[in-house]
Amino acid sequence: MPAICNEGCNKQFEVNGFQTARLPGAVEKTHFICPHCKHEYVAFYTDLEVRELQAKIRRVQTKLQNPRVDQAATLKQVKDIQAQIKAGMDRVRAIIEGG
């Protein structure tokens with residue numbers, strides 16, 4: 001995935017994957033680093049609750065492969081869980097970054 005280091009050296013680079021770092025309180029930081037100037041870009045933070053929701057959404061998404069499952073209800077469940085994940089990630093980011 002191409003990226004531009006807009007907060008560091010302004011050079012273009014390819015993001016070839018994300019790194020994960022463990023922080024205190026069972027928080028994980030997922031990020032990538034500019035290979036030129038080493039500026040760190042945080043993609044998201046997760047805690048145990050968010051990771052459990054991520055596992056739950058994967059389980060629910062597998063139900064969509066079953067033609068006998070109520071697709072509309074399952075898609076609504078996916079959207080609800082996605083909203084919970086976003087809220088959880090925003091909550092953890094605010095705690096970690098102090099915002």
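Note: the structure precedes this text.
Everything quoted here is computed from the prediction, not taken from an experiment. (Residues numbered from 1 in each chain as written. Predicted model: local features only at pLDDT ≥ 70, side-chain atom pairs only at ≥ 80, totals over all residues. Heavy atoms only, no water.)

### Considering the side chain of His-31
Inspection of the secondary structure puts His-31 in strand 4 (residues 27–33). In this structure, His-31 is in contact with Phe-18, Gln-19, Thr-20, Ala-21, Glu-40, Tyr-41, Val-42 and Ala-43, ignoring residues within four places of it in sequence. (Helix = DSSP H or I, 4+ residues; strand = E, 2+ residues; numbered from the N terminus. Contact = heavy atoms within 4.5 Å.)

### Examining the sheet that holds strand 4
On the basis of which strands lie adjacent, the open sheet formed by three strands has the order 3-4-5 and antiparallel pairing. The open sheet has two edge strands, strand 3 (19–23) and strand 5 (40–46), and neither has a second partner. Here the average twist between neighbouring strands, direction ignored, is 30°. Across six bridges, the pairing between strand 4 and strand 5 is antiparallel. Residue pairing for strand 5: Ile-33 is matched across the bridge by Glu-40. Of the strands in this sheet, strand 4 and strand 5 touch helix 1 (residues 48–63), which is tilted by about 80° from strand 5. (Pairing = 2+ DSSP bridges. Axes fitted to C-alpha atoms, helices over the stretch in contact; angles between N-to-C directions.)

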